[in-house]
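Structural overview for review
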Amino acid sequence: MRLRWMVWIVAAAVLLGLPRMVTDDYWMHMIIMTGMWMILAVSMDLIYGYGGQLNLGHASFAAIGAYFTALLMLRLNLSYWVAMPLSGLGAAVISLLVGVPTMRLKGLYLGLATLGFGEIVRLTLLMWYPMTRGPMGLPGIPAPTIGSFVIESKTAFYYIILALLLITIYATRRVVNSRMGIALMAIRDDEVAARAMGVHSSWYKVEVFMVGTFFAGIAGSFYAVYVSFISPDSFKMMDSFMIFSMPILGGLGTLVGPLIGALILYVLPEATRVFAQYRMLWVGMLLVVTMVTQPLGILGGFEALAGRFRRSKPTLQPE
Amino acid sequence: MHPFQEFVQQLINGLVIGSIYSLVALGYTMVFGILGFINFAHGDVYMIGTFLGLVLLGTGAFSFTAALVGSAILTGIIGVAIEKVCYRPVRRFGKGFEDTMLVSAIGVSIFLETLAQIIWGTETHAMGGGLHRVAFQVWGLRISSVQITILVVAVALMAVLQLFVTRTVTGAAMRATAQNMTAARLMGISIDRIIAITFAIGSVMAAVGGMLVGSYFDAVYPMMGWTTGIPAFTAAVVGGVGSLPGAMIAGVLIGLIETLGSAYISSGFRAGFAFIVLIITLLFFPSGLFKAKRGEGKV
Amino acid sequence: MNLLTVEKLTKHFGGLAAVQELDFTVAEGEILALIGPNGAGKTTVFNMLTGLTGVTAGEARFKDTRLNGLPSYQVVELGLGRTFQNIRLFGKMSVLSNVMVGFHCRTRTGLFGALLQTPRASREFRQARERAVELLAMFGLEGVRDEISRNLPYGQQRGVEIVRALATDPQLLLLDEPAAGLNIAETEVLMEHIARLRSDLKKTILLIEHDMKMVMNISDRIVVLDYGVKIAEGGPETIKADPRVIEAYLGTGFRKSHA
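A closer look at the overall build of chain A
When you go through chain A residue by residue, the secondary structure sums to 14 helices and four strands. Its C-alpha atoms give chain A a radius of gyration of 19 Å, near enough to 20 Å, the size a compact globule of 319 residues would have. Taking the principal axes of its C-alpha atoms as reference, chain A extends roughly 50 × 45 × 40 Å. The proportion of buried residues among the 319 residues of chain A is 54%. Taking the intrachain contacts of chain A between residues at least 6 apart in sequence as the baseline, contacts between residues at least 24 apart amount to 76%.

Okay, structure coming up:
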């Protein structure tokens with residue numbers, strides 16, 4: 001067990017000291033964006049890997065969060081620290097529009113409905129000119145401030161996204177290792193049997209959607225102030241597909257899998273920058289090759305992880 | 001133009017684009033019926049087929065018809081190759097890997113789109129050397145020869161497919177596989193071969209559709225797979241997964257809704273109409289608008 | 001007292017009458033077996049009782065509460081637990097987690113309890129886990145509690161399903177062909193366990209079974225269905241001798257028949 005402690009301490013030191021080690025602004029940007037994608041991937045895994053609900057429109061909830069934040073800050077002059085949680089809540093509440101009507105849908109049909117919803121969100125943002133300025137987007141989103149200190153440096157944004165990511169992971173872990181998590185996984189594995197064991201499945205499906213989209217909204221909210229400009233194109237359908245692919249690539253239903261998936265799908269194409277145009281080519285091939293050789297994802301998913309770490313406590317077992 | 005004439009004009013336009021959606025939808029619905037997943041890469045195969053036709057036309061050695069046939073053949077081969085490399089290995093893992101296949105399809109889609117962008121750039125190309133355009137005036141309506149060609153070709157292809165599926169042994173094998181893959185295998189049907197044929201047919205029809213559309217709008221561009229793909233897979237779902245007649249009718253339906261909606265409600269929202277139909281269908285008609293009749297034309 | 005009362009219970013699937021005007025009761029503390037040839041409608045009865053299928057006509061009552069139309073999770077809260085003919089465990093979850101699903105309707109922690117890790121939430125979770133281990137131990141399954149349930153041998157999966165149903169703290173336990181797929185030794189063990197469910201845990205049991213040896217051995221009373229109609233009811237000796245029953249089964253007798 002001492003080894004485990006050491007690993008944690010080293011990891012913590014690396015994470016906290018990262019801005020000192022990375023001097024290149026470009027790489028800091030990469031790392032910050034990876035953090036954002038990781039939040040999206042983890043929340044996706046909660047909804048799909050644990051909850052079994054196929055959501056192909058997750059990026060649109062990030063868009064909703066981004067627009068909420070932008071509008072709250074630009075029009076109402078709210079502080080970022082108020083706008084952010086409100087944006088998460090906004091995304092979660094809007095997710096009811098999807099979650100409630102689709103309660104009876106399963107599998108690919110649910111996926112298609114969420115896909116449709118995601119596109120309708122994008123088109124709404126595009127066409128609701130008075131509110132969103134349509135395709136021109138919302139520029140000039142103010143930077144977050146703490147008192148008189150304005151957050152502008154990459155280092156500062158890094159710590160923010162790190163904190164948000166840790167909160168997301170922590171919250172997800174808490175949910176998974178709780179009565180709610182057990183109910184979700186039961187619904188995922190066999191909804192009828194879950195109901196026969198007393199689980200009110202419809203409610204949980206809506207609830208897991210809300211929790212997952214809350215964090216997507218938070219991620220979008222961060223994006224809005226980090227990049228200080230958003231448009232309906234900031235989060236597209238292909239982004240939803242990428243987010244969907246991340247936990248599957250890394251290993252569904254593991255807490256680490258989505259992180260790995262995000263790392264690979266986002267950092268890898270950027271890291272191979274030499275072939276600037278070709279990087280999405282590699283992403284496409286990578287996805288196919290991984291699925292064809294390791295269908296359960298790089299970590300081998302659920303069971304393999306539980307098996308591999310049986311000696312130490314498996315992440316997914318109730319503690 | 002008299003408002004009613006305008007309306008009929010839009011009906012015709014909707015019918016034409018709808019028949020293309022039907023052609024492409026057939027590819028989605030056949031694969032969904034047999035393999036149980038939406039092949040998101042199908043739209044990109046449609047796009048690649050069109051670009052291949054463009055290339056053939058560009059050599060100057062092919063007439064439009066020859067280029068169309070050539071592209072159809074090449075695209076059929078590509079479709080089969082993609083299935084063999086990207087989907088069949090996943091199928092070998094057994095049941096329960098639909099999301100894996102979905103991700104693989106996403107990978108293929110990304111790959112094809114990027115390839116097209118690298119080779120041909122992101123801008124829109126003119127079809128050039130396309131179909132000879134003649135415009136007819138009938139009752140004050142403008143109908144072009146291209147539109148008539150599209151309708152004729154689409155209907156002909158769909159009729160041929162319907163006959164093939166209902167009247168041939170291979171067609172029966174396809175239907176059997178869609179209904180119960182295990183039983184079909186036990187009857188000695190080579191599932192791999194049937195699936196390869198399914199992909200071949202779907203890809204061929206997609207390429208034909210793409211060539212016709214490319215000519216109709218005189219535009220070929222890397223994202224055209226999604227512009228048509230979305231209404232097309234919506235049509236597949238609306239028509240009832242696995243139902244060929246369903247996909248055919250639904251394709252036209254969506255073409256009409258899209259065109260009329262675009263003309264009378266909002267042209268900016270054009271892409272959204274298909275999604276609204278999709279969501280309404282999923283919520284209220286879960287097995288599609290047209291229940292696939294057992295054995296009758298259902299793949 | 002009658003825990004379960006079924007009156008003129010009827011189920012039509014389209015034109016097919018799967019269950020017709022079924023009447024029977026289950027008294028507290030008894031073991032009642034529902035038997036009949038395949039397709040006689042037995043599982044359909046279970047499905048109607050537990051909210052998996054709607055009721056076409058007639059009524060089912062648990063104590064004084066009408067079961068018709070109640071969703072499954074409410075039926076469980078009332079005190080009916082069940083197992084399935086084709087084992088329906090939560091395949092990707094561990095054995096322990098499977099059993100803990102059973103505790104769901106008897107516990108209350110929600111999202112915020114989970115997020116904030118309130119003392120109440122932690123305590124509830126810990127108690128549920130401890131109780132789950134106890135229940136598993138009663139059936140000799142505590143050793144496999146961390147195994148992924150779909151990797152278990154068939155006989156153990158059956159056991160887990162029963163323990164999971166027990167975790168819902170039912171008064172009436174509906175067992176659907178618990179002996180299906182078990183060999184002779186496993187069936188003997190199962191019979192002991194079912195007997196103990198009644199004697200030690202005070203459960204009332206309604207049982208669907210094809211294994212006649214087991215049925216004759218452990219049932220207090222038997223109801224026989226054929227084509228959805230009750231053709232006989234009574235104690236094991238009466239049923240054994242009933243000509244209509246023998247005719248319906250055409251000589252199945254004491255041989256174990258599989259589903």
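Side note on the interface of chain C and chain A
Every contact between the two is made by 36 residues of chain C and, on the other side, 29 residues of chain A. Those elements giving two or more residues to the side of chain C that touches chain A turn out to be α2 (72-78), α3 (95-102), α4 (111-116) and α5 (119-138) of chain C. A per-element tally of the side of chain C that touches chain A places α3 of chain C first, with five residues. Residues of the side of chain C that touches chain A, tallied by class, amount to 17 nonpolar, 12 polar and seven charged.

Regarding the sheet that holds strand β4 (residues 57-62) of chain C
Backbone hydrogen bonds hold the strands of a sheet together, and the pairing may be parallel or antiparallel. Residue and element names in this part refer to chain C. Spatially, β2-β1-β4-β5 is the arrangement adopted by the four strands of the open sheet, whose pairing is antiparallel. Either end of the sheet is taken by a strand with one partner, and the two such strands are β2 (16-27) and β5 (65-66). When strand β1 (residues 2-13) meets β4, the two strands line up antiparallel, connected through five bridges. The residue bridging L4 from the neighbouring strand is F62, located in β4.

What to know about the pairing of strand β7 (residues 172-176) of chain C
Taken residue by residue, a regular strand's side chains alternate between the two faces of the sheet. Residue and element names in this part refer to chain C. Here β7 lies mainly inside the structure; five of its five residues are buried. Residues L172, L174 and D176 of β7 are buried on one face, and the alternating residues L173 and L175, pointing to the opposite face, are buried as well. Relative to β7, strand β6 (residues 80-82) runs parallel, the two sharing three bridges. Bridge pairing in β7 links G81 to L173. Across five bridges, the pairing between β7 and strand β8 (residues 204-208) is parallel. Paired with L174 across the bridge in β8 is L206.

Side note on the sheet that holds β6 of chain C
Residues and elements named next belong to chain C. The strand order across the open sheet formed by six strands is β6-β7-β8-β3-β9-β10, and the pairing between neighbours is mixed. Looking at strand neighbours, the two that pair on one side only are β6 and β10 (229-234), the edges of this open sheet. Taken pair by pair, the neighbouring strands of this sheet meet at an average axis angle of 20 degrees, ignoring direction.

Regarding the interface of chain B and chain A
The extent of an interface is frequently quoted as the accessible surface area lost upon association of the parts. The interface of chain B with chain A comprises 31 residues on the first partner and 26 residues on the second. Residue assignment for the side of chain B that touches chain A shows that the elements contributing at least two residues are α3 (64-91), α4 (98-120) and α11 (270-284) of chain B. Here the side of chain B that touches chain A takes 13 residues from α4 of chain B, the largest share from any one element. Split by residue class, the side of chain B that touches chain A holds 23 nonpolar, six polar and two charged.

Focus on the confidence of the model for chain B
The predicted model of chain B averages 88 in pLDDT, with 95% of residues at 70 or higher. Throughout residues 292-299 of chain B the model reports pLDDT below 50, and contacts reaching past four residues in sequence, or to other chains, amount to 26 contacts.

Quick notes on helix α6 (residues 169-179) of chain B
Restricting attention to buried positions, one finds in α6 of chain B the residues A173, M174, R175, T177 and A178 of chain B. Looking at the buried side of α6 of chain B, the elements it contacts are α1 (3-35), α5 (145-167), α7 (181-186) and α8 (191-217) of chain B.

Observations concerning helix α7 (residues 154-176) of chain A
In this model α7 of chain A runs 32 Å from its N-terminal to its C-terminal C-alpha over 23 residues, within 8% of the 33 Å that 1.5 Å per residue would give. Every buried residue of α7 of chain A is accounted for by F157, I161, L164, L165, T168, T172, V175 and V176 of chain A. Its buried side turned inward, α7 of chain A meets α2 (25-50), α8 (179-189) and α10 (201-227) of chain A together with α4 of chain C.

A word on the packing of helix α10 (residues 244-264) of chain B against α11 of chain B
All names here are of chain B. Two numbers describe how α10 lies on α11: the axes approach to 9 Å, and their chain directions differ by 135 degrees. Classified by the interaxial angle, the pair formed by α10 and α11 is oblique. When you trace α10 past α11, the crossing you get is right-handed. For the pair formed by α10 and α11, the contact residues are I254, I257, E258, G261 and S262 on the first element and R270, F273, A274 and V277 on the second.

Observations concerning the confidence of the model for chain A
Residue and element names in this part refer to chain A. Per-residue confidence for chain A gives a mean pLDDT of 88, with 92% of residues at or over 70. When mean pLDDT is taken per element in chain A, α10 scores highest with 96 and helix α14 (residues 301-308) scores lowest with 49. Confidence drops under a pLDDT of 50 for residues 305-319, and excluding neighbours within four residues, the segment shows 22 contacts in the predicted structure.

A closer look at unusual backbone geometry
Of note in this structure, D218 of chain B is not a glycine but carries a positive phi near 55 degrees. For D218 of chain B, a count of 16 C-beta atoms within 10 Å translates into the label partly exposed. Positive phi, normally seen in glycine, also occurs at K202 of chain C, with a value near 60 degrees. With respect to the element layout, K202 of chain C can be found in the loop between α7 (184-199) and β8. Residue class for K202 of chain C comes out exposed when judged on the 10 C-beta atoms lying within 10 Å of it.

Re the environment of S178 of chain A
As for its position among the elements, S178 of chain A is in the loop between α7 and α8. Under the C-beta neighbour-count criterion, S178 of chain A is labelled buried, with 24 such atoms within 10 Å.

Considering the environment of H210 of chain C
All names here are of chain C. Along the polypeptide, H210 turns up in the loop between β8 and α8 (212-218). A count of 21 C-beta atoms within 10 Å places H210 in the buried class. Linking H210 and G36, residues 174 residues apart in sequence, is a C-alpha distance of 7.6 Å.

Describing the packing of α7 of chain A against α10 of chain A
Residue and element names in this part refer to chain A. Contact pair α7 / α10: the axes reach a minimum separation of 11 Å and the direction vectors enclose 180 degrees. Taken together, the axes of α7 and α10 are roughly antiparallel relative to one another. Taken together, the residues of α10 that come into contact with α7 (itself represented by F157, I160, I161, L164, T168 and V175) are V211, F215, I218, F222 and Y226. Among the residues forming the contact of α7 with α10, the class breakdown is 10 nonpolar, one polar and no charged.

So, how was this worked out
- Residues numbered from 1 in each chain as written.
- Chains lettered and ligands numbered in written order.
- Predicted model: local features only at pLDDT ≥ 70, side-chain atom pairs only at ≥ 80, totals over all residues.
- Helix = DSSP H or I, 4+ residues; strand = E, 2+ residues; numbered from the N terminus.
- Rg over C-alpha atoms; globule rule 2.2 N^0.38 Å.
- Buried ≥ 20, exposed ≤ 12 C-beta atoms within 10 Å, placed from the backbone.
- Contact = placed C-beta atoms within 7 Å.
- Nonpolar A, V, L, I, M, F, W, Y, C, P; charged D, E, K, R; others polar.
- Pairing = 2+ DSSP bridges.
- Axes fitted to C-alpha atoms, helices over the stretch in contact; angles between N-to-C directions.
- pLDDT = per-residue confidence, 0-100.
- Expected span 1.5 Å × (residues − 1).
- Parallel < 35°, antiparallel > 145°, perpendicular 65-115°, else oblique.
- Left-handed = near helix turned anticlockwise from the far one by under 90°.

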